[in-house]
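Coordinate analysis (summary)
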Amino acid sequence: MGSKLLYFFVIGDILGTGIYALTGSVAGKVGGALWLPFLLAFVVAFLTAFAYLELVGKYPKAAGAALYTNRAFKKPFVTFLVAFAVMCSGITSASAAAMAFGGTYLPAAFGFEVGDTTTILVAVVFIALLATVNFIGVAHSVKANVVLTVIELSGLAIIICIGLFAVGGGDGEPGRLLEINTADQSWLLALTAATSLAFFAMVGFEDSVNMAEECQDPPRIFPKALLGGLATAAVIYVLVAITSSLLVTASDLAAAESGALLKVIDVGAPGFPRWLFEWIGVFAVINSALINMLMASRLLYGMANERILPRVFGTVHPFRRTPWVSIVVTSGIAVLLLSLAGSGGVSALGGTTALLLLCVFTVVNVAVLVLRKDEVAHDHFRAPTWAPVVGAVLCLYLVLPGLSGKTARDYYIGAGLIGLGVVLWGVNWLVLRSRGEQEAVKEFDPKALK
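Cut-off values and rules
Residues numbered from 1 in each chain as written. Predicted model: local features only at pLDDT ≥ 70, side-chain atom pairs only at ≥ 80, totals over all residues. Heavy atoms only, no water. Helix = DSSP H or I, 4+ residues; strand = E, 2+ residues; numbered from the N terminus. Rg over C-alpha atoms; globule rule 2.2 N^0.38 Å. Buried < 20%, exposed > 50% of the residue type's maximum accessible area, 1.4 Å probe, protein only. Contact = heavy atoms within 4.5 Å. Lys, Arg positive; Asp, Glu negative; His and termini not counted. Charge placed at Lys NZ, Arg CZ, Asp CG, Glu CD. pLDDT = per-residue confidence, 0-100. Phe/Tyr/Trp six-rings, centres within 6.5 Å; stacked < 30°, edge-to-face > 60°. Salt bridge = Lys/Arg side-chain N within 4 Å of Asp/Glu carboxyl O. Polar contact = N/O pair within 3.5 Å; in protein donor to acceptor, adjacent residues only side chain to side chain. Expected span 1.5 Å × (residues − 1). Axes fitted to C-alpha atoms, helices over the stretch in contact; angles between N-to-C directions. Parallel < 35°, antiparallel > 145°, perpendicular 65-115°, else oblique. Left-handed = near helix turned anticlockwise from the far one by under 90°. Nonpolar A, V, L, I, M, F, W, Y, C, P; charged D, E, K, R; others polar.

Let us now look at the overall build of the protein. Each helix and strand counted, the protein has 16 helices and zero strands in total. The C-alpha radius of gyration computed for the protein amounts to 21 Å, which stays within 12% of the reference 22 Å derived for 450 residues, consistent with globular compactness. The dimensions of the protein, computed from C-alpha atoms along their principal axes, are 70 × 45 × 45 Å. The buried share of the protein, reckoned over its 450 residues, is 57%. Of the contacts made within the protein by residues no fewer than 6 positions apart, 83% connect residues no fewer than 24 positions apart. Here the protein holds 28 positive side-chain charges and 27 negative ones, and the gap between their average locations is 10 Å.

Bringing unusual backbone geometry into the picture now. Even without being a glycine, Lys 74 presents a positive backbone phi close to 55°. Its place among the elements puts Lys 74 in the loop between helix H4 (65–73) and helix H5 (76–110). Assessed through its relative accessible area of 61%, Lys 74 is described here as exposed. We note that Glu 257 has phi near 55°; this positive angle belongs to a residue other than glycine.

Residues at a pLDDT of 70 or more form 90% of the protein, whose mean pLDDT is 84. Summarising per-element confidence for the protein, the mean pLDDT is lowest in helix H1 (residues 3–14) (78) and highest in helix H15 (residues 386–397) (95).

Now for the packing of aromatic side chains. Aromatic ring pairs are reported here in terms of the distance separating the ring centres and the angle at which the planes meet. One pass over the structure, following the stated rule, counts 14 aromatic pairs. Geometrically, the ring pair formed by Phe 110 and Trp 279 is edge-to-face, given 5.4 Å between the ring centres and 75° between the ring planes. Within this pair, whereas Phe 110 is found in helix H5, its partner Trp 279 is found in helix H12 (residues 274–305), the two being separated by 169 residues in sequence. Note on Phe 110: relative accessible area 54%, which makes it exposed. Here a set of aromatic residues connected by ring pairs shows up, and it is made of Tyr 52, Tyr 68, Phe 199 and Phe 361.

Let's shift gears to the environment of Leu 424. Here Leu 424 shows up in helix H16 (residues 408–434). Judged by relative accessible area, Leu 424 falls into the buried class, the value being 17%. Spatially, the C-alpha atom of Leu 424 lies 8.7 Å from that of Ile 308, the residues being 116 residues apart in sequence. In this structure, Leu 424 is in contact with Leu 309, Pro 310 and Phe 313, ignoring residues within four places of it in sequence.

Moving on to H4. Counting buried residues in H4 gives seven out of nine residues, a clear majority hidden from the surface. Within the sequence span of H4, burial applies to Ala 65, Ala 66, Leu 67, Tyr 68, Thr 69, Asn 70 and Ala 72. Within two residues after H4, Lys 74 carries a phi angle of roughly 55°, on the positive side.

Counted according to the given criterion, the structure contains three salt bridges. Arg 372 is the partner of Glu 54 in a salt bridge, and the nearest nitrogen-oxygen pair spans 2.8 Å. Residue Glu 54 is found in helix H3 (residues 35–58), and its partner Arg 372 is found in the loop between helix H14 (345–370) and H15; the two are separated by 318 residues along the sequence. Residue classification places Glu 54 among the buried positions, given a relative accessible area of 1%. Here Arg 372 falls in the buried class, since its relative accessible area comes to 14%.

As a further point, take the side chain of Asn 292. Tracing the sequence through the fold places Asn 292 in helix H12. Here Asn 292 falls in the buried class, since its relative accessible area comes to 16%. A distance of 2.8 Å separates a polar side-chain atom of Asn 292 from the backbone oxygen of Ser 288. The residues touching Asn 292, leaving out its near neighbours within four places in the chain, are Gly 90, Ser 93 and Ala 94.

On to the side chain of Ser 93. Within the secondary structure, Ser 93 sits in helix H5. Assessed through its relative accessible area of 7%, Ser 93 is described here as buried. Not counting residues within four places of it along the chain, the set of residues in contact with Ser 93 comprises Phe 200, Asn 292 and Thr 353.

Attention shifts here to helix H13 (residues 324–341). Given a rise of 1.5 Å per residue, 18 residues ought to cover 26 Å, and the 25 Å separating the end C-alpha atoms of H13 matches this to within 8%. All of the buried residues along H13 are Val 325, Ser 326, Ile 327, Thr 330, Ser 331, Ile 333, Ala 334, Leu 337, Leu 338 and Ala 341. Packing partners of the buried residues in H13 comprise H5, helix H6 (116–136), H12, H14 and H16. Taken from the residues just after H13, Gly 342 is the one with a positive phi, measuring 65°.

Quick look at the packing of H12 against H13 now. For the pair H12 and H13, interaxial distance at closest approach is 8 Å and the crossing angle is 125°. Taken together, the axes of H12 and H13 lie oblique to each other. Handedness of the H12/H13 crossing: right-handed. For the pair H12 and H13, contact is made by Met 293, Ala 296, Ser 297, Arg 298, Leu 300 and Tyr 301 and by Ser 326, Ile 327, Val 329, Thr 330, Ser 331 and Ala 334, respectively. For the contact of H12 with H13, a count of residues per class yields seven nonpolar, four polar and one charged.

Here's what the structure looks like:
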């Protein structure tokens, strides 16, 4: 894979559920200055990308954060926690997409209304269908990803063009772009809470490091492709956010929740064939959810094969050759999350995804500094020292209760998922100990998680 395909791969991994489903929720936290949280989320992601670039240049192997954590700290349990957090982030991200699918885009595409219970039921069926596709097996081509990316981009381009035409015609309220919601909190906390949630829209770029072994000369092409892809996605997001705020009040965007972009079309271009964007939205959330559930099930399978989780999760179907137990378990966790999320589930699950990955990014930013003493024979990108330092501080700031502006529900969901992982680790350790095989865990190879 060359630099151009990698560039589109990065953009394709970032675009999706975040901007399509969480624009309204972010507006509800920050107010009319909707563009600012997306810009700040980009800054945090951009700084963390420097750490990934140095590490993928030094170690051009798959496994990403788990590999870097293992090399830096050499603690199998810490490596497991990072790998399990990444897996859980895939499940929560897919669950958020399922809620957006069941509550907004599918009903809009077919012209019917749903309540909270129906939304959850549709989302559960959606997860079941994804599990079926996952079980059958999906050959995911990078070239096909380019086509999918273009389709998702077209939906966001529609929003931006509507904004340009509306503003050119004298519509829109520029004064909203500087309004920050301080009704019941300080402006800093409002901005932090919105940025922490908007960060969900910027995640995905870290998956590109798993393509390191498929690239031509990774140390040379990764910096330009990764940073360029991040910057492109950020420009698109900021333009979509500006358009949304110009045309629709923050309160109306918040009330529309995951249908905020549909509200923008209704206000900015009432004559536009709304069904076109509705179906693009359907496609966007399906694509995001499928990719994340594939990643989650394969990570669980990999951890079972490495004997850091019960080996039953590594069971492969004799005919389909897919990890069916891991698919069932990850899908079951997604269904449980949907049942517990209730109203506002898209925001809660998106916030939990951002929380888990911000924790992982904090570790990666620290790992790159620890691994500076580990010299390699080939040339590679070296991040300026201040970038991972500032990146780690900002990621940690967006994680800490009281500072991040996150709701208690985000922490409860995240803690529950990690707690489940710790229990599974403990059960596996006890089983291995009873067999006199507990030393096997010390040989954990993160590269096997790809």
